[in-house]
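An overview of the molecular structure
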Amino acid sequence: MLEIYNTLTHKKEEFKPIEAKKVRMYVCGMTVYDYCHIGHARVMIAFDVIYRYLLHKGFHVTYARNITDIDDKIIQRAIENNEDFHDLTQRFIDAMHADEESLGLLRPSMEPRATDNIPAILKMIQTLIDKEYAYQGENGDVYYDVSKFKGYGKLSRRKLEDLRQGAGDRIAIDTAKHDPLDFVLWKPAKEGEPSWDSPWGAGRPGWHIECSAMSTELFGATFDIHGGGKDLQFPHHENEIAQSEACTGQHFANYWIHNGFIRVDNEKMSKSLNNFFTIREVLKKYRGEEIRYFMLTSQYRSPLNYSEEQLKSASKALARLYVALRGLPEAEAIEKTNYAFRFHSAMHDDFNTPEALAALFDLSRKTNKIHQQQDKEAAASHGALLKQLGAILGILQHDPEQWLQGNASEEGLSADVIEALIQKRLDAKANKNWMEADKIRDDLSQQGISLEDKGTETIWRRD
RNA sequence: GGCUGAGUGGCAGAGGGGUCAUGCAGCGGUUUGCAAAACCGUCUACCUCGGUUCGACUCCGGGCUCAGCCUCCA
């Protein structure tokens, strides 16, 4: 039984899709005005693993992750760069896709963009106005009237009074709004800003409406899973619920999944704190799979501290799994083991990847042991299971030898040079010239190459 | 101030009322010409004060500390 922690109910609940064997999952993606940072990588990877696991369970999953390609920051950045906002967003969408590929992500089934869905957005705003959940202020902005929606605050567990109190000292009172908590659905364009025609004047959509409109358009009024970062819980997801449920009169998403943050020095990594590392920056020193492994070492809802030390540790731990796979022939995975059982039990428990990884390490130890006992066939079938389970997490799919002989920077001695030195050392060893042999090994070690003697051959890897 | 969530060994990070997490690092051993890798063994734990219990790090309550949201944010 697959259990998922549902933010809406604050409980782990058995996952029951609306339609048997079908899952519709919508995740809030990126606003594309800059490179993605490691915090974004967390969402990408968290939901990639959820997606993979659901697929593995035999669900037909439609996974939509939107792209916000119009908003204030995009407009501002485009002005700063003196470029068309389309060019700007396309550049960062391409960069995002490249980053995703490095991290080994499966592409979502669809990536709806706000600017491609203006008609659906206009339709929803119109319905909200018709149903009197929205109004146009004197400044031309169209607002959602929060007081009209009964369930406002149900996701983030907030009361309107508390919110108003908090809003009082923080938000400059906007006289065009009936209530400081009302939020923008449509914003008139200023001179020279990108805009679309609408019954309320040329303008652009507010941030929250695009997700409501696109998810409802793609999936219907009610769908299975809605996800995103923890910080989107309020106000973004709260507002989505208000918009969608007011519009359709039906329950919106059944399961709300929110991932925890990446932290730096015990603080949330974010643009405004300027304490972020971009994915591509980190990829210069660590491979995508190492970053992915690092993310998997904590449960997706927990905060995760980013540090060089932890990435190094992750890199070594991952290498350990690859070492277990090394030198094993292709084989059918062994079935009905405690390892697989434990792995799946962990994943069934709200995608507990650290526990699932623990099972993989125990399995790798077993594999090594059998391998050492010269039972290559049994070792191979255990290794095949390791690889199979790894695939569910998106790891261990590289050729082990190639993985261990590579690194992120692809710098250092070439394989040819290394092989030649190894041969030279083997000759020295054959002549029992230990001084010479050890010198070659030490020199290579200085350059980050480790040698391992296996019987008559010597294999190598980069540290 | 309101609302969430968290405090585990040197570091990271699971877990469950009473026997092992796991990884990295350390230490001892097997193996090796010596190493490395692997395997075996091993040392460091459960913020604090009460309560429930035969027994709590695990459940309940108070306190302390930290993080997040309440403003754009994955």
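Residues numbered from 1 in each chain as written. Chains lettered and ligands numbered in written order. Predicted model: local features only at pLDDT ≥ 70, side-chain atom pairs only at ≥ 80, totals over all residues. Heavy atoms only, no water.

Moving on, we get to the overall build of chain A. Scanning chain A from N- to C-terminus turns up 16 helices and 15 strands. Across its three principal axes, chain A shows a C-alpha extent of roughly 95 × 50 × 35 Å. Residue burial in chain A is summarised as follows: out of 463 residues, 53% are buried. Contacts in chain A between residues far apart in sequence, at least 24 positions, make up 75% of those at least 6 positions apart. Accessible area for chain A stands at about 21,800 Å²; split by element, carbon and sulfur atoms hold 47% of it. Side-chain charges of chain A comprise 59 positive and 71 negative groups, with the mean position of each set lying 6 Å from the other. (Helix = DSSP H or I, 4+ residues; strand = E, 2+ residues; numbered from the N terminus. Buried < 20%, exposed > 50% of the residue type's maximum accessible area, 1.4 Å probe, protein only. Contact = heavy atoms within 4.5 Å. Areas by Shrake-Rupley, 256 points an atom, 1.4 Å probe, with all protein chains shown as cover. Lys, Arg positive; Asp, Glu negative; His and termini not counted. Charge placed at Lys NZ, Arg CZ, Asp CG, Glu CD.)

Moving on: the packing of aromatic side chains. How two aromatic rings sit relative to each other is set out by the distance from centre to centre and by the angle between their planes. In this structure the tally under the stated criterion is 19 aromatic pairs. Judged by centre distance (5.1 Å) and plane angle (80°), the rings of Tyr35 and Phe92 are edge-to-face. Of this pair, Tyr35 sits in the loop between β3 (22–27) and α1 (38–56) while Phe92 is found in helix α3 (residues 85–102), placing the two residues 57 residues apart along the sequence. Relative accessible area serves as the criterion here: at 32%, Tyr35 is assigned to the partly exposed category. Under the relative-accessibility criterion, Phe92 is labelled buried at 8%. Through pairs of rings, three or more aromatic residues link up here, namely Tyr26, Phe219, Phe223, Phe252 and Trp256. The ring of Phe276 carries Lys271 above its face, with NZ or CZ at 5.7 Å from the centroid. It is Arg301 that lies over the ring of Tyr5; its NZ or CZ is 4.0 Å from the centre. (Phe/Tyr/Trp six-rings, centres within 6.5 Å; stacked < 30°, edge-to-face > 60°. Lys NZ or Arg CZ within 6 Å of the ring centre and 35° of its normal.)

The next point concerns the protein's contact with RNA strand B. If you check the shell around RNA strand B, you find 67 residues, and the closest are Lys73, Trp207, Gly229, Leu232 and Arg441. At a separation of 3.0 Å, a base nitrogen of RNA strand B approaches a polar backbone atom of Ile262. In this structure, Ser313 approaches RNA strand B through a side-chain N or O atom, which is 3.4 Å from a sugar or linking oxygen. Ranked by residues supplied to the surface near RNA strand B, first place goes to helix α12 (residues 353–372) with 9 residues. (Near = heavy atom within 4 Å. Polar contact = N/O pair within 3.5 Å; in protein donor to acceptor, adjacent residues only side chain to side chain.)

This part is about the sheet that holds strand β8 (residues 203–205). Within a beta sheet, neighbouring strands are joined by backbone hydrogen bonds and run either parallel or antiparallel to one another. Read from one edge to the other, the open sheet built from 4 strands follows the order β5-β6-β7-β8, with strand pairing classed as antiparallel. Of all the strands in the sheet, just β5 (134–136) and β8 have a single pairing partner and so form its edges. Adjacent strand axes in the sheet meet at a mean angle of 20° when their direction is disregarded. (Pairing = 2+ DSSP bridges. Axes fitted to C-alpha atoms, helices over the stretch in contact; angles between N-to-C directions.)

Moving on to the pattern of salt bridges. In this structure the tally under the stated criterion is 31 salt bridges. Measuring nitrogen to oxygen at the nearest pair gives 2.8 Å for the salt bridge that ties Lys439 to Asp443. A residue pair is termed a helical-turn pair when its members lie 3 or 4 positions apart in one helix, as Lys439 and Asp443 do in helix α16 (residues 434–446) at 4 residues. Its salt-bridge partner being Glu452, residue Arg461 comes within 3.6 Å of it at the nearest N-O pair. Residues joined in a network through salt bridges with shared partners are Arg65, Glu100, Arg107 and Glu111. (Salt bridge = Lys/Arg side-chain N within 4 Å of Asp/Glu carboxyl O.)

The calculated volume of the second largest pocket comes to roughly 540 Å³. In this structure, the second largest pocket is lined by 25 residues; those nearest its centre are Glu290, Ser315, Asn407, Arg462 and Asp463. Counting only elements with at least two residues in the lining of the second largest pocket, the list comes to α10 (308–325), α14 (400–404) and β15 (457–462). By residue number, the principal contributor to the lining of the second largest pocket is α10, which donates 5 residues. (1 Å grid on protein atoms, 1.4 Å probe; cavity = no way out; pocket = protein on both sides within 12 Å on 5 of 7 lines; lining within 4 Å. Points joined across faces, edges and corners; volume = space filled by probe spheres on them.)

When the domains of chain A are assigned, the result is domain 1 (3–259) and domain 2 (264–462). Counting residues at the interface gives 36 residues for domain 1, matched by 35 residues for domain 2. The contact between domain 1 and domain 2 buries some 3,100 Å² in all, and 62% of this surface belongs to carbon and sulfur atoms. When the area that domain 1 buries against domain 2 is broken down by residue, the three leading residues are Ile38, Arg42 and Tyr53, summing to 25%. Linking domain 1 to domain 2 there are 4 salt bridges. (Domains from an automatic or database assignment. Buried area = accessible area lost by both parts, 1.4 Å probe.)

Moving on, we come to α3. Over its 18 residues, α3 extends 26 Å from the first C-alpha to the last, a length consistent with the 26 Å expected when each residue adds 1.5 Å. Buried within α3 we find Phe85, Leu88, Thr89, Phe92, Ile93, Ala95, Met96, His97, Asp99 and Glu100. Close packing links the buried residues of α3 with α1, β4 (60–65), α2 (72–81) and α8 (279–283). At the exit of α3 stands Gly104, carrying a positive phi of roughly 70°. (Expected span 1.5 Å × (residues − 1).)

Another point: unusual backbone geometry. Put simply, Phe234 and Pro235 share a cis peptide bond, and its omega is 0°. Checked against the element boundaries, Pro235 lands in helix α7 (residues 233–248). Non-glycine residue Asn266 carries a positive phi angle of around 65°. The exposure class of Asn266 is exposed, given its relative accessible area of 57%.

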